[in-house]
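Take a look at the letters that make up each chain.
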Amino acid sequence: MKVSKARRTAVVVCPGRGTYNKAELGYLGRHGQASMIGPMDAFRAGLGQPTLSELDGATSFDAETMTRGDNASPLIFACSLADFLSLDGDAVEVVAVTGNSMGWYTALACGGALSHADALTVVNTMGGYMHEALIGGQVVHSLVDDDWRPIPGRREALLALIADVHGVDGRELYVSIELGGMIVLAGNAAGIEALLARGPRGPGVFPITLHNHAAFHTPLQAPIAERARASLDVAWFRSPRIPMIDGRGFIWRPAAEPAALFDYTFGHQVTAPYDFTTAIQVSVREFAPDCLIVLGPGGTLGGAVAQSLIAARWRGLDSKAAFTRLQAETPFVVAMGREDQRALVAGA
């Protein structure tokens, strides 16, 4: 792989829940700065919570502990922010930021709409609220085959199943996240049970039930949204320094009204579907970046980013094979969770 020294424009993509797993243990310690981690640890310790250093520095990965919303969300946020702060300004110019689901809160920090301390408070609070309530669950279905080409009729079948199941015998089932070649569905226990019993299978391991995940981005989270608006401070918000693309594909530019940003973050963003696919497509169409940088931890979000580009036939992409060819020389999608790609954009 050739490392390009020319300065490239970039849209930064912030990952959400599910990206810190066994392979990522120690990620924050390897890539984070003590000046950033110290205050975060002090904040968590003051609340009687395990510090991020303790979680990240564990001798083994305890899935039950590490995937809880009150632990996973701030840990992923800290890893992503550490990666953002490590970007080499001589190599990349960040022209916009976006994120998937919880990654929207990280995007607020990277874009300058929240201070790092206030963003951590938001992430920690929302992760705690979600864990305490744990309303409903999420299941991921694939809409594409192994070469990332659409499976004929798959989306239509899932949407028809939602229409058939929702509202019958107390079942609730919704679209939660549009995630490239995947779709995340969410609902209450009865709705999820019906989905798993009647929904399609494959390819491979799909459908995937997400452990310790609530029914994010659905009306079931209305109590969480109300609690957030009552407990978090609109005064923390400010107009962003860098444009931000939200979960509708809407662009918040530097003149954005902070109160409107607060309302979206703790309103629509919590209770309505999150369209990450559209966010990525808007990113490349509106900002024409030289690359997309996917912050760590992990590198799994890179596939959803690539699938979003394929869905738009961006640069003529129509399959995983075509995307792999595009990546071969100087990657367009740069995942900082991969050491070989990290070297393209991170400072020394």
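Summary of the structure given here. Along each chain, residues carry numbers from 1 onward, in the same order as the chain's sequence is written. Thresholds applied to this predicted model are a pLDDT of at least 70 for local features of residues and 80 or more for the giving and counting of side-chain atom pairs; totals over whole chains, interfaces and linings are not thresholded and use all residues. Side-chain metrics in this entry use all non-hydrogen atoms of the structure; hydrogen atoms and water are not considered.

## Re the packing of helix α2 (residues 34–46) against helix α5 (residues 69–85)
Part 1 of the reasoning: At a minimum axis distance of 11 Å, the contact between α2 and α5 shows a crossing angle of 165°. Here α2 is positioned roughly antiparallel relative to α5, judged by the angle of their axes. In the packing of α2 onto α5, the handedness of the crossing is right-handed. For the pair α2 and α5, the contacting residues are M36, M40 and R44 in the first and D70, N71, P74, F77, A78, L81, A82 and L85 in the second.
Part 2 of the reasoning: When grouped by side-chain class, the residues that make up the contact of α2 with α5 number eight nonpolar, one polar and two charged. Orientation is described by lines fitted to C-alpha atoms, with helices fitted over the stretch in contact, and by angles between N-to-C directions that extend from 0 to 180 degrees. Runs of H or I in DSSP of at least four residues are treated as helices and runs of E of at least two as strands, each being numbered from the N terminus. By definition in this entry, angles of less than 35 degrees are roughly parallel, angles greater than 145 are roughly antiparallel, angles of 65 to 115 are roughly perpendicular, and the rest are oblique. For a crossing to be left-handed, the near helix must be turned anticlockwise from the far one by less than a right angle; the clockwise case is right-handed. By definition in these notes, contact holds between two residues if any of their heavy atoms fall within 4.5 Å. Each residue is assigned to one of three groups, with Ala, Val, Leu, Ile, Met, Phe, Trp, Tyr, Cys and Pro labelled nonpolar, Asp, Glu, Lys and Arg labelled charged, and all others, Gly among them, labelled polar.

## Observations concerning the side chain of S73
Part 1 of the reasoning: Of note, S73 is situated in helix α5.
Part 2 of the reasoning: Relative accessible area decides the class of each residue, using a 1.4 Å probe on protein chains only: under 20% of the type maximum gives buried, over 50% gives exposed, and in between gives partly exposed. Residue S73 is classed as buried on the basis of its relative accessible area of 3%.
Part 3 of the reasoning: If sequence neighbours within four positions are ignored, S73 has contacts with R17, R68, M102, V123 and G127.

## Re the packing of aromatic side chains
Part 1 of the reasoning: Two rings from Phe, Tyr or Trp (for Trp, the six-membered ring) form a pair when their centres are within 6.5 Å of each other. A pair whose planes differ by under 30 degrees is stacked, one over 60 is edge-to-face, and the rest are tilted. Tallied over the full model, the rule gives nine aromatic pairs.
Part 2 of the reasoning: Judged by centre distance (5.5 Å) and plane angle (90°), the rings of W104 and Y264 are edge-to-face. Linking W104 in helix α6 (residues 103–110) with Y264 in helix α11 (residues 258–265), this pair joins segments that are 160 residues apart in sequence.
Part 3 of the reasoning: Pairing F250 with W252 gives two aromatic rings, centres 5.1 Å apart and planes at 80°, and the pair type is edge-to-face.
Part 4 of the reasoning: On the basis of relative accessible area, W252 is assigned to the buried category, the value being 6%.
Part 5 of the reasoning: What links up through ring pairs into an aromatic cluster is the set W104, F250, W252 and Y264.

## What to know about the pattern of salt bridges
Part 1 of the reasoning: Here, a salt bridge means any side-chain nitrogen of Lys or Arg that lies within 4 Å of a carboxyl oxygen of Asp or Glu. Scanning the model with the defined rule gives 10 salt bridges in all.
Part 2 of the reasoning: Notably, a salt bridge pairs D147 with R149, separated by 3.3 Å at the nearest N-O pair.
Part 3 of the reasoning: The exposure class of R149 is partly exposed, given its relative accessible area of 35%.
Part 4 of the reasoning: One salt bridge in this structure joins D246 and R248, with 2.6 Å as the shortest N-O distance.
Part 5 of the reasoning: Given a relative accessible area of 37%, R248 falls into the partly exposed group.
Part 6 of the reasoning: Linked by salt bridges that have partners in common, D147, R149 and D318 make up one network.

## A few points about the layout of surface pockets
Part 1 of the reasoning: The rule is simple: put a 1 Å grid over the protein atoms alone, call a set of points where a 1.4 Å probe fits but cannot get out a cavity, call an open set with protein on both sides within 12 Å along at least five of seven lines a pocket, and count a residue as lining if it has an atom within 4 Å of a point. Grid points are joined across faces, edges and corners, and a volume is the space filled by probe spheres set on the points. A volume near 740 Å³ is recorded for the largest pocket.
Part 2 of the reasoning: Around the largest pocket, the lining is made up of 33 residues, and of these R17, G18, L179, L210 and T300 lie nearest the centre.

## Re the environment of P273
Part 1 of the reasoning: Take P273: it is sitting in the loop between α12 (268–271) and β9 (274–275).
Part 2 of the reasoning: Judged by its relative accessible area of 43%, P273 is partly exposed.
Part 3 of the reasoning: Between the alpha carbons of P273 and F216 there is a distance of 8.3 Å; along the sequence they are 57 residues apart.
Part 4 of the reasoning: Filtering out sequence-adjacent residues up to four positions away, P273 remains in contact with V175, S176, H217, G247 and H268.

## Some details on the packing of helix α7 (residues 116–133) against helix α10 (residues 222–231)
Part 1 of the reasoning: Packing of α7 against α10 brings their axes to within 11 Å, and their N-to-C directions diverge by 145°. As α7 packs across α10, the resulting crossing turns out to be right-handed. Only I224, R227, A228 and S231 of α10 make contact with α7, whose side of the interface consists of T125, M126, Y129, M130, E132 and A133.
Part 2 of the reasoning: Per-class residue counts for the contact of α7 with α10 are six nonpolar, two polar and two charged.

## A short note on α2
For an α-helix, 3.6 residues make a turn, and residues three or four places apart therefore share a direction.
Part 1 of the reasoning: In this analysis, the expected span of each helix is defined as 1.5 Å times one less than the number of residues it contains. Here α2 spans 18 Å end to end across 13 residues, near enough to the 18 Å set by a 1.5 Å rise per residue.
Part 2 of the reasoning: All buried positions along α2 are accounted for by M36, I37, M40, D41 and R44. Buried residues of α2, viewed axially, fall in a sector of 120°; they line one side. Within α2, the exposed residues directed more than 90 degrees away from the buried face are A34, S35, P39, A42 and G46. The arc in question is traced by the directions running from the helix axis to the C-beta atoms.

## What about the state of the cysteines?
Part 1 of the reasoning: The term disulfide is used for any two cysteine sulfur atoms that are within 2.5 Å. Overall, the coordinates contain zero disulfides when judged by the stated rule.
Part 2 of the reasoning: C14 forms no disulfide, and the closest cysteine sulfur to it belongs to C110, at a distance of 4.2 Å.
Part 3 of the reasoning: Look at C14 and you get buried, because its relative accessible area is 0%.
Part 4 of the reasoning: Looking at C110, the relative accessible area reads 0%, which means it is buried.

## Examining unusual backbone geometry
Part 1 of the reasoning: In this structure, the amide linkage connecting G202 to the following residue, P203, adopts the cis form with an omega of -5°.
Part 2 of the reasoning: For P203, the position within the fold is in the loop between α9 (189–198) and β6 (208–209).
Part 3 of the reasoning: Of note, the amide linkage connecting F206 to P207 takes the cis form, showing an omega dihedral of 0°.
Part 4 of the reasoning: Note on placement: P207 falls in the loop between α9 and β6.
Part 5 of the reasoning: The backbone of H217 shows a phi angle near 60°, a positive value even though the residue is not glycine.
Part 6 of the reasoning: Counting through the fold element by element, H217 comes out in the loop between β6 and α10.
Part 7 of the reasoning: Accessibility expressed as a relative area gives 4% for H217, which makes it buried.

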